[in-house]
Amino acid sequence: GFVRTDICIVNDTRTEWYKMRYWNNTQGTLGMFYRMCFPGKGEAVCETPYPPILSTLPKSLHHLFSLDLNPPSQASWMHFGVPEGGWHDVQWGETQPIPLVGRTSAYSFPWAFHSFELYALTLCGADLLGNLSSHWAAMVDTGASCLSLPQEFFEMVEAWVPALDCVQERVDGYDHTECQDLECGAHKNLTICYLKPSASPHDLPVLTFKLSESGQNLHLPLSSLLVNDRPSGRPRVCLNVGDAIASRGDVVRSLLIFPKISFGTLALRNLVTTFDMENTVVGMRNKRLFDEGKTQMCAAAVSCVGAQERYAPLNLCVDPPCHLLYFHVLDEETRKCRMSNGFFSSAVVTLLAFAVAEVALSEIYDRLARKLAHSL
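Cut-offs applied
- Residues numbered from 1 in each chain as written.
- Predicted model: local features only at pLDDT ≥ 70, side-chain atom pairs only at ≥ 80, totals over all residues.
- Heavy atoms only, no water.
- Helix = DSSP H or I, 4+ residues; strand = E, 2+ residues; numbered from the N terminus.
- Buried < 20%, exposed > 50% of the residue type's maximum accessible area, 1.4 Å probe, protein only.
- Contact = heavy atoms within 4.5 Å.
- Salt bridge = Lys/Arg side-chain N within 4 Å of Asp/Glu carboxyl O.
- Polar contact = N/O pair within 3.5 Å; in protein donor to acceptor, adjacent residues only side chain to side chain.

Trainee: Help me out: how do you make sense of the overall build of the protein chain in this one?
Mentor: Regarding its fold elements, the protein chain presents 3 helices and 24 strands. The 376 residues of the protein chain split such that 41% are buried. Excluding contacts between residues fewer than 6 apart, the proportion of contacts in the protein chain whose partners are at least 24 apart in sequence is 65%.

Here's what the structure looks like:
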């Protein structure tokens, strides 16, 4: 058997309640992280904030719980110990570091989110990680509803899903508790991704990813992120734009400020998510399998010409780096590198200069030769 309790999920994404009521600023899952360690004279002393409700379970299962989050029409559950359905098809992530309190390091914080490494992030058959990395840092945040992506990944989703109409909207009464901009006031510009009227939510593509290089694909259908909470009454896909990877530069020195992919409650609807508090790992399994290929809402792959190369993550063609070659420019018609007009002009001038110099030197030689002959 298993132990479970029903939980109330308030998927109210109105901007003034964009985080779930009662869980706001709790971090992690219900405010519970793996262990909180205090450095001692010898080994660190670690405690867990896990609730005493698990006393009815075998001690070996006290460190495990799972979330089974569903739409409002269905009940959502928290499973303690073994989840309903057992461990079949559960994919486990890599072990994550335990934070230490009182140390001046990247992990000096008492509470943290449940994090994991994400591999093979794919949309419409395109590998979104591309040449950025083989994996990416991600986390589970039950204090949020949407899927949050670093700006570069957000732009990739926009490029592959033309059914999204992403616009900037000025919002009043935004929660600025985590705002790092000193000019933050009572307003904030948000990027809202509406679903175009001609698009069907059921045809939205599916994000797939893995928790290890050799793991099975996990499915996150974009249709599970659909909400209708804007004053316009238009449905939108609940995607948030995070910090840009490029903007961090050399500032990225710790896990705290590295732009992560964040899974809110809507992003977990197709997943049973398990948290191993003792071994500091996250596990996931699909509730339902989806077609991983392209759908009619995926953009057509661009066709490149000339010397262009296709960059699949953004579905665009990249021109050859002609500026790296001396006296070369890009031909706008053929999209190939060619010699610049200035090169030909300078080459003609140079050759003429050499020819004139050759004639002049020849004439000087002849005159010197004749003078030498007369002097003898």
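Trainee: Whenever I open this one, the pattern of salt bridges confuses me. Can you help?
Mentor: Pairing is possible between side chains that carry opposite charge, provided their charged atoms lie close to one another. Following the criterion strictly, the structure yields 8 salt bridges and no others. Taking the shortest distance from any N to any O, the salt bridge between E169 and R230 comes out at 2.6 Å. Placement of the pair is E169 in strand β11 (residues 164-172) and R230 in the loop between β15 (226-227) and β16 (236-237), with a sequence separation of 61 residues. In this structure, E363 and R367 form a salt bridge, with 3.2 Å as the shortest nitrogen-oxygen distance.

Trainee: Would you take a moment to explain the side chain of N286 for this structure?
Mentor: Among the secondary structure elements, N286 is positioned in strand β20 (residues 281-286). Judged by its relative accessible area of 17%, N286 is buried. There is a polar contact of 3.0 Å between the side chain of N286 and the backbone oxygen of N217. Of the polar contacts made by the side chain of N286, one reaches the backbone nitrogen of H219; its length is 2.8 Å. Discounting residues that sit within four places of it in the chain, N286 has contacts with N217, L218, H219, N270 and L271.

Remember, this is a structural readout, not a statement about activity or role.
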